[in-house]
Amino acid sequence: MPFAADIGGTSIRVSMVDTRYDHYTLTEPIRFLTDPARGFNSAMDELAAGLKDLAIQNDIPLSSENIGVASAGPISMYDGTYDFSPNLPGWQGHSVSRALEEILGVAVYTAHDGAMGVLAESKYGQHPDTANLIYVTVSTGIGAGIIANGEIVAGRQSGAGEVGHMIVMPGRGSCNNGCDGCLEGVSSGTAIARRARALMENTQDGMLSNTPGPVTAADVVAAARAGDSLAISVIEDALEGLANGLSGLLAIFDPDVIVLGGGVIDGLGHWWDELLERTQHKALPRYKHVLPVSKTILGGDAPLIGAAVFASQQKEVYQA
Ligand SMILES: [Zn+2]
């Protein structure tokens with residue numbers, strides 16, 4: 001039974017995932033804060049300790065055949081080395097696989113959380129064994145895994161799938177890497193909170209002005225649900241950005257389906273239908289009647305499940 005970890009911009013989760021059968025089973029994840037500012041090595045020490053704890057609890061040894069790690073990108077699919085990751089600042093040049101291998105003494109397989117997510121979707125999602133599948137996670141950041149013609153699209157530097165940095169609404173916000181109007185800069189949880197805080201500088205009105213501490217994306221969603229006009233305008237911008245991005249992906253890849261997951265999607269509530277309407281309105285005429293966009297049924301677990309699938313696939317490669 002493989003060990004799986006998921007490194008996000010906000011939190012890191014560690015779990016064991018049984019992928020031997022038609023249905024996966026997953027142990028309740030151990031969760032701790034990423035806190036990127038503490039540095040890469042400190043986070044890897046805590047992650048390795050979590051893996052060791054799980055191994056002891058379950059009486060299953062860590063081995064070179066059973067550890068998969070999903071991470072927010074950009075990150076190399078070959079050795080898990082970070083490029084300039086907007087949500088893990090200062091971690092560039094560090095390799096997750098190498099760091100964990102040094103601590104644990106066994107091989108570790110690392111890849112982009114979007115790639116892991118699409119692997120999980122292709123095995124356990126609502127569209128198994130689909131040849132053209134895109135999984136998009138909308139969370140602290142935005143990334144994707146893309147299967148085209150039955151193959152994961154990796155790219156020259158294994159950096160494909162960074163759909164969060166498609167420019168969708170110039171002038172409407174930027175990600176931590178500074179691209180103007182990119183999808184992550186408009187529609188991620190980080191962007192939603194940042195945009196609300198910027199608009200609040202010009203007004204004392206509205207529900208969000210009573211929020212204790214810095215406003216979060218969850219605060220904005222809650223205020224929008226309660227009818228707050230500032231919060232609604234921020235959510236509508238996020239939907240517009242997502243609809244622009246999704247209609248572009250549909251046009252480029254002609255996928256069987258785009259599956260969306262991540263905390264922002266989970267929190268959309270009735271705006272999910274509005275997102276579909278906006279996307280359909282912008283998409284090519286071939287999507288007039290059926291829009292192949294759906295929500296994941298794997299919840300937030302897709303990257304963890306995919307990491308376990310990835311580890312078991314590497315094991316097969318390793319043993320071949
Ligand atoms: Zn960007």
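Above this text you will find the structure in question.
Since the model is a prediction, treat every value here as computed from it, not as a measurement.

Chemist: Explanation requested: the packing of aromatic side chains in the structure shown.
Modeler: The relation between two aromatic rings is expressed through the spacing of the ring centres and the mutual angle of the planes. For the coordinates displayed, the defined rule picks out four aromatic pairs. With 5.2 Å between their ring centres and 65° between their planes, Y24 and Y124 make a pair best called edge-to-face. Taken together, the residues Y24 in the loop between β2 (11-18) and β3 (25-26) and Y124 in helix α3 (residues 113-124) connect sequence positions 100 residues apart. Measuring from ring centre to ring centre gives 5.5 Å for F40 and W91, while their planes differ by 80°; the resulting arrangement is edge-to-face. With F40 in helix α1 (residues 40-58) and W91 in the loop between β5 (67-71) and α2 (96-104), this residue pair connects regions lying 51 residues apart in the sequence. On the accessibility criterion, F40 (5% relative accessible area) is buried.

Chemist: In this structure, what is going on with the pairing of strand β10 (residues 257-261)? I would like to understand it.
Modeler: Within a regular beta strand, the side chains point alternately toward one face of the sheet and then the other, so they alternate between its two faces. Counting buried positions over the five residues of β10 gives five, a clear majority of the element. Here β10 shows a buried face lined by V257, V259 and G261 and a second buried face lined by I258 and L260. Pairing of strand β7 (residues 133-138) with β10 involves five bridges; the strand directions are parallel. Looking at β10, one finds that I134 is bridged to I258.

Chemist: How should I be thinking about the coordination of the zinc ion in this particular structure?
Modeler: Angles between donor atoms at a metal ideally measure 109.5 degrees for a four-coordinate tetrahedral arrangement and either 90 or 180 degrees for a six-coordinate octahedral one. The coordination sphere of the zinc ion, as far as protein atoms go, consists of H165 (ND1), C175 (SG), C179 (SG) and C182 (SG), spread over 2.1 to 2.4 Å. In this structure, the zinc ion is surrounded by four donor atoms whose angles at the metal cover 98 to 119°, and the resulting shape is tetrahedral. Counting residues between consecutive donors of the zinc ion along the chain gives the motif H-x9-C-x3-C-x2-C. C182 sits in the buried class, given a relative accessible area of 0%.

Chemist: What exactly am I supposed to notice about the layout of surface pockets here?
Modeler: Empty space left among the atoms is revealed by rolling a probe the size of a water molecule over them. The volume enclosed by the largest pocket comes to roughly 620 Å³. Forming the boundary of the largest pocket are 34 residues, of which D6, G8, T137, S139 and T140 lie nearest the centre. For the lining of the largest pocket, the elements supplying multiple residues, two or more each, are β1 (3-7), β2, β7, β8 (142-148) and α8 (263-266). Ranked by residues supplied to the lining of the largest pocket, first place goes to α8 with three residues. Split into classes, the residues belonging to the lining of the largest pocket amount to eight nonpolar, 19 polar and seven charged. Summarising the domain contributions, the lining of the largest pocket has at least three residues from each of domain 1 (3-118 + 300-319) and domain 2 (142-296). By volume, the second largest pocket is sized at about 280 Å³. Along its surface, the second largest pocket is lined by 15 residues, and G189, A193, T216, A217 and A218 are the ones closest to its centre.

Chemist: So what exactly am I meant to see when it comes to the pairing of β5 here?
Modeler: The element β5 is extensively covered by neighbouring structure, given that five of its five residues are classed as buried. In β5, alternate side chains face the same way, and those of I67, V69 and S71 on one face and G68 and A70 on the other are all buried. Relative to β5, β1 runs parallel, the two being bridged by five bridges. If you follow A5 over to β5, its bridge partner there is V69. With four bridges connecting them, β5 and strand β6 (residues 109-112) associate as parallel partners. Opposite S71, over in β6, you have H112 as the bridge partner. A crossover connection joins β5 to the parallel β6 through α2; in handedness this β-α-β unit is right-handed.

Chemist: Sorry, what's going on with the environment of D237 here?
Modeler: Note that D237 resides in helix α7 (residues 229-253). Looking at D237, the relative accessible area reads 15%, which means it is buried. With 192 residues separating them along the chain, D237 and D45 place their C-alpha atoms 39 Å apart. Setting aside residues up to four positions removed in sequence, D237 forms contacts with M169, R172, V186, S187 and R195. Side chain to side chain, D237 and R172 meet in a polar contact 3.1 Å long.

The rules behind the values
Residues numbered from 1 in each chain as written. Predicted model: local features only at pLDDT ≥ 70, side-chain atom pairs only at ≥ 80, totals over all residues. Heavy atoms only, no water. Phe/Tyr/Trp six-rings, centres within 6.5 Å; stacked < 30°, edge-to-face > 60°. Helix = DSSP H or I, 4+ residues; strand = E, 2+ residues; numbered from the N terminus. Buried < 20%, exposed > 50% of the residue type's maximum accessible area, 1.4 Å probe, protein only. Pairing = 2+ DSSP bridges. Donors = N, O, S within 2.8 Å, 3.2 Å for Na, K, Ca; no water. Tetrahedral: all angles 85-135°; square planar, octahedral: opposite > 155°, others 65-115°. 1 Å grid on protein atoms, 1.4 Å probe; cavity = no way out; pocket = protein on both sides within 12 Å on 5 of 7 lines; lining within 4 Å. Points joined across faces, edges and corners; volume = space filled by probe spheres on them. Nonpolar A, V, L, I, M, F, W, Y, C, P; charged D, E, K, R; others polar. Domains from an automatic or database assignment. Right-handed = clockwise from strand over helix to strand, strands pointing away. Contact = heavy atoms within 4.5 Å. Polar contact = N/O pair within 3.5 Å; in protein donor to acceptor, adjacent residues only side chain to side chain.

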